[in-house]
Each structure stands twice: as C-alpha cells, then as structure tokens.
Amino acid sequence: ARALTPQTAETDAIRFLVGTQSLRYDNQIHIIDFDDENNIINKNVLLHQVGEIWHISTSPADKGVLATCYNKTSDTKVMTCAAVWRMPKELESGSHESPDDSSSNTQTLELLCHLDNTAHGNMACVMWEPMGDGKKIISLADNNILLWDLQESSAKALLSSSTALEGKGQLKFTSGRWSPHHNCTQIATANDTTVRGWDTRSMRQIYCIENAHGQLVRDLDFNPNKQYYLASCGDDCKVKFWDTRNVTEPVKILEEHSHWVWNVRYNHSHDQLILTGSSDSRVILSNMVSISSEPFGHMVDDDELSDQEDQHQEEKIKEPLQDSVIATYEEHEDSVYAVEWSSADPWLFASLSYDGRLVINRVPRALKYHILL
C-alpha cells in the first residue's frame with residue numbers, strides 16, 4: 001500500500017483511508033476508525049476493482065466522497081487514471097461499532113465520475129480545494145494541470161481550465177498541494193527537481209524554485225498558519241522549508257533521513273510540528289519552532305508578572321526556541337510512503353509502509369503540554 005489520507009470532512013471521529021496495491025487480488029480501500037478511548041482500531045473494507053491505488057484524497061465537504069488515482073491496464077499499456085467515488089451511506093461517518101463479520105460485508109464503491117485524462121496523460125494526484133464545497137478539484141496529469149468542476153452531486157466533471165508545463169526533457173508532475181491561503185487561488189507543484197507556484201485563476205506560474213532539491217522532489221505541504229511558507233522533500237534525503245516570496249534559498253533544511261523522503265506534513269493546528277516519512281523505514285516528528293507562527297512561544301500578559309519575573313520573561317521572549325527532532329518512530333520494516341495527521345485530533349497521526357502496515361501514533365504527551373501550556 002502507498003496511499004493514505006485522513007477523512008478530511010470528518011472532524012469528530014479519528015478516521016483514515018488506505019488504498020491497496022495488489023497485482024493478484026482486487027484492490028481495496030480500507031476505512032480505518034481509531035477508537036481513542038479504548039485504543040482499538042476498527043476496519044471496514046470497500047472494493048476498488050479498477051486497479052492499484054497510487055493516490056487517494058477525500059472531499060473537504062462531503063464525508064462520503066473521495067478520489068483515487070489508479071493503474072489501468074489496457075492491451076499492453078498501463079495508464080494511471082483518476083475517478084471520484086462515493087462510499088456506502090452507512091460507512092460515511094466514523095463509527096466505533098466494529099462489523100460482526102468483516103469478510104461477509106465487503107462493499108463496493110459507487111463510481112461518481114471519471115476525470116477523463118485520455119488527452120492529458122497519467123494522473124499523479126488529485127487535490128480538492130481546501131476550504132471549498134467539494135466541487136472544485138485539480139488533477140496533475142503528466143505535464144498538465146487540470147481544474148475540474150464537479151456537477152450534479154459530483155456525477156459529472158467538467159474541465160474548466162488547464163495549463164501545461166513547457167520546456168525540454170521529461171516534464172512530469174510528481175505531486176502538488178493546494179494552498180489554504182490567498183482565498184485558495186494558489187497551488188504548488190513538484191516536477192523533477194523543481195517546485196512551482198501557480199495561480200488557479202489565470203493558470204499562470206507565480207514562482208519557481210529551480211533545483212529545490214538535488215534529486216526528484218516527492219512531496220509538498222503548506223504551512224497552515226503562515227501563508228508564504230512551504231515545505232518540500234525529496235530523493236536527496238532532505239526536507240526544505242521555503243518562503244515563496246524569496247525562493248533563492250530555503251529558510252531551513254532538515255537532514256534527518258538516510259533515504260528518499262516521500263512525505264512531509266505540517267500539523268494543522270500547531271505548525272511547528274512536522275511529520276516526515278521515508279524509505280529508510282522511519283517516521284520522524286520534528287519541532288520546527290523557529291519558522292512557526294509562534295517562534296517565541298506564547299506571549300504572557302505583562303500584568304501577570306512581578307518585576308523580577310518580568311525581566312526574566314523578556315529575556316526568554318527575545319531568545320527563539322530551538323528546532324529539534326522530537327521523536328523517531330521505527331515500527332515499520334519497509335519503506336514509509338505516507339504520513340498523515342488526523343483531521344479530528346491534532347495530536348494523532350498515521351503512517352503507512354509498503355508492506356501494508358499502518359501505524360497510529362500520538363505526539364509525546366510532554367511536548368503536547370509544553371505546546372498547550
């Protein structure tokens with residue numbers, strides 16, 4: 001398995017979706033519900049009979065709707081296609097009842113529409129407009145950016161605009177992220193060693209970070225609280241943080257992994273917490289305080305302090321907190337292809353390795369209280 005996503009529209013129950021990659025069996029989407037109080041994982045399985053799942057993403061507005069990118073073999077050609085699906089009604093929201101007998105009730109996804117890519121090439125990923133009503137999605141296909149409007153309760157996808165990468169060499173997008181800032185009018189894409197920003201209204205490029213990494217860029221993520229900050233990771237084993245207003249140099253570089261870094265994710269509530277997953281089989285949780293929205297910790301009201309404390313507090317405030325690795329998780333024995341924060345619990349995250357092992361972890365309690373108090 002490579003594909004993992006939180007159920008974005010579900011903000012009460014802790015729920016992740018995993019897509020399988022099997023050549024021999026029908027592929028599946030596993031709906032993973034984590035019961036936080038009892039530390040129990042419940043699982044429901046949906047059949048995804050069209051092929052191996054390379055990417056999965058969920059609607060920000062409708063708990064039942066998701067998109068997948070999958071391999072389809074026709075004649076001798078393998079094509080990566082994308083489609084929008086609906087899960088059965090009774091599985092839409094996170095429930096803690098575990099099914100009586102999971103083998104007998106495997107259900108199938110309902111196909112809402114295909115994102116037709118016959119003219120555009122292989123689909124790399126599908127992104128939903130982050131704050132939207134679930135009607136706008138962007139897909140990256142080979143060197144094309146395609147903006148779709150979903151209509152008639154998502155049963156039809158109209159291509160509303162598109163643009164293509166021009167230039168020499170192998171121009172193919174590997175991944176992209178839709179920025180939650182600027183009224184959701186910007187996306188960032190990765191192709192080869194380059195990171196680019198685009199304006200979705202004009203479909204024009206607004207910034208370009210050439211040679212952002214020494215090798216292929218694998219993943220991107222926007223800081224949820226600082227509108228110009230973007231993280232990237234890649235095959236040079238590095239994670240880099242950029243200010244998109246000045247892209248000549250990264251603001252920070254993390255060099256903790258010993259192999260390709262497949263995934264980087266900002267915590268949605270506390271932007272100093274950064275998760276990365278790599279094919280060195282490790283998941284690393286870092287505390288990047290110096291470039292977070294609270295680089296000096298929480299400010300304290302002056303009225304609450306005595307003079308001596310006051311002086312001490314002022315000194316403390318001037319000194320930014322130190323960046324550090326909080327924890328390294330080594331429960332995986334295979335390449336970690338995906339890490340994701342829960343959309344319901346900011347202290348909880350899941351990681352997925354190629355052998356199909358899903359691990360759910362929490363931010364260490366001491367750090368949680370340090371951030372909150």
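About the cut-offs
- Residues numbered from 1 in each chain as written.
- Predicted model: local features only at pLDDT ≥ 70, side-chain atom pairs only at ≥ 80, totals over all residues.
- Heavy atoms only, no water.
- Pairing = 2+ DSSP bridges.
- Helix = DSSP H or I, 4+ residues; strand = E, 2+ residues; numbered from the N terminus.
- Axes fitted to C-alpha atoms, helices over the stretch in contact; angles between N-to-C directions.
- 1 Å grid on protein atoms, 1.4 Å probe; cavity = no way out; pocket = protein on both sides within 12 Å on 5 of 7 lines; lining within 4 Å.
- Points joined across faces, edges and corners; volume = space filled by probe spheres on them.
- Nonpolar A, V, L, I, M, F, W, Y, C, P; charged D, E, K, R; others polar.
- Domains from an automatic or database assignment.
- Salt bridge = Lys/Arg side-chain N within 4 Å of Asp/Glu carboxyl O.
- Buried < 20%, exposed > 50% of the residue type's maximum accessible area, 1.4 Å probe, protein only.

Draft legend 1. How the structure looks around the sheet that holds strand β16 (residues 194–199). Spatially, β14-β15-β16-β17 is the arrangement adopted by the four strands of the open sheet, whose pairing is antiparallel. Of all the strands in the sheet, the pair left with one neighbour each is β14 (173–178) and β17 (204–209). Going from strand to strand, the sheet's axes swing by 25° on average, the running direction of each strand aside. Both strand β15 (residues 186–191) and β16 contribute to a ladder of six bridges, which runs antiparallel. Bridge pairing in β16 places alanine 190 opposite valine 195.

Draft legend 2. Fine view of unusual backbone geometry. Within the chain, methionine 203 stands out as a residue other than glycine whose phi angle is a positive 55°. Structurally, the position occupied by methionine 203 is in the loop between β16 and β17. One non-glycine residue with positive phi stands out, namely asparagine 211, at about 45°. Note that asparagine 211 resides in the loop between β17 and β18 (217–222).

Draft legend 3. How the structure looks around the layout of surface pockets. Taken as a whole, the largest pocket encloses approximately 1,500 Å³ of empty space. Lining the largest pocket are 49 residues, and of these His55, Gly176, Arg177, Arg265 and Glu340 sit closest to its centre. Mapped by element, the contributors of at least two residues to the lining of the largest pocket are β1 (3–6), β5 (53–58), β10 (123–128), β14, β18, β22 (261–266) and β26 (336–341). Of the residues that constitute the lining of the largest pocket, the class distribution is 24 nonpolar, 16 polar and nine charged. Built from parts of two domains, the lining of the largest pocket gets at least three residues from each of domain 1 (1–91 + 106–164) and domain 2 (170–293 + 318–372).

Draft legend 4. Spatial organisation of the sheet that holds strand β2 (residues 14–19). Overall, mixed pairing links the five strands, which are arranged β1-β2-β3-β4-β8 in an open sheet. Two strands in the sheet have a free side with no partner beyond their single neighbour: β1 and β8 (107–108). As paired elements, β1 and β2 share four bridges and run antiparallel to each other. Following the sheet pairing, threonine 5 is matched in β2 by leucine 17.

Draft legend 5. Geometry of the pattern of salt bridges. All told, the structure shown has 16 salt bridges when counted by the stated rule. Arginine 265 serves as the salt-bridge partner of glutamate 340, at 3.2 Å between the closest nitrogen and oxygen. Remark: arginine 265 occurs in strand β22 and glutamate 340 occurs in strand β26; sequence separation between them is 75 residues. The pair glutamate 340 / arginine 265 is uniform in exposure class, with both members buried. Here the residues in one salt-bridge network are Asp62, Arg86, Lys89 and Glu92, joined through shared partners.

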